[in-house]
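What follows is the residue order along each chain.
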Amino acid sequence: MAGETMNRRVHQTLLRFADFLLSHPILVFGGLLISAFISLAIARGVKFDFTPQSIYRGNDELLAYAEEFKQTFGYDEGILLVVLKANGEQDALSVPALQWQIDICEQLKTVSGVIRTDAVGTLQVPHFSFGGLSLQPMIDEVVVNQAASDRVRKLLADSQMVRGGLLSADDSVSVIAVFLDPAAKDIDSLTKLVNEVKAVIAQHPVPIGFEMLLSGLPELRIEVVQDLMGDMATLMPLGGIVYLIVLGLMFRRLSGALLPLCAVGIGLTWTMATFAITGDTLNLVSNILPILLMIIGVSSCVQIVTCYAEQSAAGLDRRTAAREAIARMAPPCLLAAITTAVGFASLYLARSEVLSMFGGQAAIGIGFQYVSTLLTLGALFRFFPAPTYVGTNETTPGVLTRIVTFLGYAVARHAWATMGCAALLVLAAAWSGSHVVINTYAIRETFHEEHPSMKAMRVIEKHLSGIMPLEISLTADHAGAFMEPAVFQQVAEAEKSVKSLPGILSGQSYADVFRELLHKWPGRKKDETDLELVPLSEIGEARLKRTADFVQRFPEVFHYYSFVSEDGKRARIRLRLQEIGSRETLKLIEELQQRLAAVFPDKGPVRAELTGEGYVNAQALTILVRDLFNALLSASLVIFALIAFEFRSFRVGLIAALPNLTPLAITLGYMGLMKYDMNVANVIAFTICLGLADDNTIYFLYRFRQEMERTGDKVLAVRQAFLGTGRAIVLTSMLLLFGMAVLFRSDFVPTRRFAELTSVTIIGNLLGVLLLLPACLVLFWRQTPQQAAAALQSDD
């Protein structure tokens, strides 16, 4: 009784609130418009950060060590790869191909942000004379001729340093490695610099029979940003147009289409202005937030507009119908907004700063949508007649309402059979979902297979050394340790051991540089082993010292300080990975660590650790997915606890859980059926869907409770609840699906996958509300004394 008294008091308060809105429409809506214009001006200061590495922020130890490593050995992630691929009879060492590379490298010297370039045509090679070793360019002619081409072939015939790096084994692919200024970290500076490089390339037509591809981490990151910026420019306007058309057809009045979009638009301006004021950015994850808030806001508006139409059809005048609609729908819309916000806010528990920010941003945006919806609709309803439904009049339900009501009524009369079918469906989904594994990809998850970046990556992985870096960081206990024969042999042994692992495309260290130079000395044989080249004696130590002295005379040519630190206490083994996904990469990392431990024991003079983009990707993203699973569990408990609190019944919280968790199980089963992996984007979709899915359940529960208080009969209450809100539930789900359809236009693969999985969940939730929820209510709802009395009165 106390709960029912409280509900009446809340309803009376909301009626007074609605009276205020309807009595002062110019004041309220005028204030809304002024705030919207001010917010638009402020929102122009919103910043964008679409760099992929932003998602790792929050994994401090991993990132701090990776950054310190880059500062020591250089930023390999700042290398732009200009790939020249032969498609005809000539190869990459032919005269036109070499001339093209030389011309581009020469002109790139004029670009201030380019530190240096490496290409086959510009390499210098060691040359022995009576004065000792010196460096000579492979091509010293101004114009490349056939003799120069033949000389290059001969010199590179057995060069292990060049093969697989700048030149493929079959000479069909070569690369110009463009080293960009590491200071160009922000996306604007990086894009400007890469565009300058592209402008230089555009001035030199690709030779006939060849094609040019751009790749490397800078190009991949710029492609991501450009795709997302394109989405931002097209998806919002497209979403607005789609909703304008759909709402117009749905309600058959201009007011039914314009009022929801007006309310949502005002809420969006408040949200974006808040981001500008707080300094929050729109990033790799939150790029979908504007269209997502539009979808959520429009869905809430549809519930209120539907109630307004229902009250008007019952014979109430325009003002009274609007008053009742606001008062009746404010509580369920509030609970739906809170539970949706909780679903988003659960992302705040993730260790990624980007995901935490996204969770907070979404929760704020949903709050603004709720407030703007009530204020806008409450102020404007009195000026617009209530919309009508297609195929309905004031007394006869429409076809859709009758179908939905029939289904719900049939389910209510056969509740146990429905529960049994649902249980079988969940078991089948669980079996299919059991095949889903945690696995993330850095590039394959971002671009479709026909994207130019994907094609370039495939060429580099097949013919060259790959893109994704995995680094072995070696730290000695004293300076000069790496010039000792025993340590040299350890490094060479470790490199040889790890390069044999599947998934590793290439590996290089200072041992490769020294080995190639040592083979150039007189008296050396090409088939000598490392132990013969550098014996464990004073002879070996002298050879290492002599070679080190030489390479330190030309450190830029040999990239010596990219392999050994200036203080001599650190070295690296640079590996390149195939795009094999985080699951296989973690297995590879485990095997790597075992092999490194065998070569560099704990108490030895050298300590080995792993870092690099490939290592950080695999570790950070796997941690992230697990964090998100924990957040999903926490959000589930909070959401259903809120529903239980609102209805003052733990039983109702459990009833609500069944039809809302079942769609998530179905989506997991769908992922197993489609052979999708569980990655960051997919877990985010689950977390968001949990918040979206319970909205229909909440609206139905509110209406069911009202009908129970009126009739006291559960089966009859289910039927009446569907007559009142069934159509709105179906239309809301359709609106969500239309919104997701807009996201399918994105060029960004994670956005399309998010839309796909969310659509599956929405369809599953609709079936859960139409079929499973009525069965649960008939079987498990406990009548209150007032409802029991209503049932007796109805029987009489």
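Structure: above.
In this report, we go over the structure that sits alongside the text. Note that this is a predicted model, so its numbers are computed, not measured.

**Some points on the side chain of Gln490**
Take Gln490: it is sitting in helix α15 (residues 485-499). Note on Gln490: relative accessible area 17%, which makes it buried. Excluding residues within four positions of it along the chain, Gln490 makes contact with Val599, Phe600 and Pro601.

**Description of the packing of aromatic side chains**
On inspection of all chains with the given rule, the structure shows 14 aromatic pairs. Ring plane angle 90 degrees and centroid distance 6.4 Å describe the contact between Trp416 and Phe780, whose orientation is recorded as edge-to-face. Of the two residues, Trp416 is situated in helix α13 (residues 415-433) and Phe780 in helix α25 (residues 749-780); the sequence distance between them amounts to 364 residues. Through a chain of ring-to-ring contacts, the aromatic side chains of Phe482, Phe488, Tyr510, Phe514, Tyr560 and Tyr561 assemble into a single cluster.

**Considering the packing of helix α10 (residues 318-345) against helix α21 (residues 613-646)**
It is at 9 Å that the axes of α10 and α21 come closest, and there the two elements cross at 165 degrees. Here α10 is positioned roughly antiparallel relative to α21, judged by the angle of their axes. Of the two elements, α10 crosses α21, and the hand of that crossing is right-handed. For the pair α10 and α21, contact is made by Leu335, Ile338, Thr339, Val342 and Gly343 and by Ala635, Val638, Ile639, Leu642, Ile643 and Glu646, respectively. Residue composition of the contact of α10 with α21, by class: eight nonpolar, two polar and one charged.

**Considering the sheet that holds strand β12 (residues 606-611)**
Within the open sheet, the four strands sit side by side as β10-β11-β9-β12. Their pairing is antiparallel. The sheet is open, and its two edges are formed by β10 (504-509) and β12, each paired on a single side. For this sheet, the mean angle separating the axes of adjacent strands, direction not counted, is 20 degrees. Relative to strand β11 (residues 570-577), strand β9 (residues 468-476) is paired through eight bridges, and the arrangement is antiparallel. Within the sheet, the bridge partner assigned to Leu470 lies in β11 and is Leu575. Relative to the sheet, helix α16 (residues 510-518) contacts β10 and β11, its axis offset from that of β10 by approximately 70 degrees. Lying on the sheet, α21 is in contact with β9, β11 and β12; it crosses β9 at an angle near 105 degrees.

**A word on unusual backbone geometry**
We note that Arg648 has phi near 55 degrees; this positive angle belongs to a residue other than glycine. Looking at where Arg648 falls in the secondary structure, it is placed in the loop between α21 and α22 (650-674). Its identity is not glycine, yet Lys675 carries a phi of approximately 60 degrees, on the positive side. For Lys675, the location among the structural elements is in the loop between α22 and α23 (680-711).

**Here's the deal with the environment of Leu501**
With respect to the helices, strands and loops of the structure, Leu501 is situated in the loop between α15 and β10. Between the C-alpha atoms of Leu501 and Leu156, which are 345 residues apart in sequence, the distance is 26 Å. With residues near it in sequence (within four places) discarded, Leu501 still touches Leu588, Glu591, Leu592 and Arg595.

**So, the pattern of salt bridges**
On inspection of all chains with the given rule, the structure shows 21 salt bridges. Arg116 serves as the salt-bridge partner of Asp118, at 3.8 Å between the closest nitrogen and oxygen. In this structure Asp118 comes out as buried when scored by relative accessible area, which is 15%. When the shortest N-O distance is used, the salt bridge between Arg572 and Glu471 registers 2.6 Å. Here the residue Arg572 occupies a position in strand β11, and Glu471 occupies one in strand β9, the gap between them amounting to 101 residues. Just as Arg572 is buried, Glu471 falls in that class too. Beyond isolated ion pairs, a larger network of salt bridges with shared partners links Glu310, Arg703, Glu707 and Arg710.

**So, the state of the cysteines**
Using the criterion set out here, one finds zero disulfides in the structure. With no disulfide of its own, Cys301 has Cys333 as its nearest cysteine by sulfur position, at a separation of 8.3 Å. For Cys301, a relative accessible area of 0% puts it in the buried group. Not engaged in a disulfide, the cysteine Cys307 finds its nearest cysteine sulfur in Cys333; these two sulfurs lie 9.1 Å apart. Cys307 sits in the buried class, given a relative accessible area of 6%.

**Brief notes about a nonpolar patch on the surface**
On the surface, a cluster of nonpolar side chains totalling about 390 Å² of accessible area is made up of Ile34, Ile38, Ile42 and Ile277. For the nonpolar patch, the leading source of residues is helix α2 (residues 25-43), giving three residues. Along the chain, Ile34 turns up in helix α2.

**Re the environment of Ile338**
With respect to the helices and strands, the residue Ile338 is situated in helix α10. On a C-alpha basis, the gap between Ile338 and Met740 in space is 22 Å, while along the polypeptide they are 402 residues apart.

**Considering the nonpolar core**
Generally speaking, nonpolar side chains in soluble globular proteins are found buried as a group. Residues Leu247, Val298, Phe381, Ile643, Phe700 and Phe704 are the most contacted members of the largest nonpolar core, which totals 137 residues. Tallying contributions element by element places α23 first for this core, with 15 residues. When residues no more than four places from it in sequence are discounted, the contact partners of Leu247 are Arg252, Gly256, Ala257, Pro260, Leu261, Val298, Val302 and Leu735. In terms of nonpolar packing, the next biggest core, distinct from the first, is built from 53 residues, Ile472, Val487, Ile504 and Val551 among them.

Conventions we followed
Residues numbered from 1 in each chain as written. Predicted model: local features only at pLDDT ≥ 70, side-chain atom pairs only at ≥ 80, totals over all residues. Heavy atoms only, no water. Helix = DSSP H or I, 4+ residues; strand = E, 2+ residues; numbered from the N terminus. Buried < 20%, exposed > 50% of the residue type's maximum accessible area, 1.4 Å probe, protein only. Contact = heavy atoms within 4.5 Å. Phe/Tyr/Trp six-rings, centres within 6.5 Å; stacked < 30°, edge-to-face > 60°. Axes fitted to C-alpha atoms, helices over the stretch in contact; angles between N-to-C directions. Parallel < 35°, antiparallel > 145°, perpendicular 65-115°, else oblique. Left-handed = near helix turned anticlockwise from the far one by under 90°. Nonpolar A, V, L, I, M, F, W, Y, C, P; charged D, E, K, R; others polar. Pairing = 2+ DSSP bridges. Salt bridge = Lys/Arg side-chain N within 4 Å of Asp/Glu carboxyl O. Disulfide = S-S within 2.5 Å. Patch = residues over 30% accessible without salt bridge, like charges linked within 9 Å, V, L, I, M, F, W, Y side chains within 5 Å. Areas by Shrake-Rupley, 256 points an atom, 1.4 Å probe, with all protein chains shown as cover. Core = buried A, V, L, I, M, F, W, Y, C linked by side-chain atoms within 4.5 Å.

Shape is all these values report; function is a separate question.
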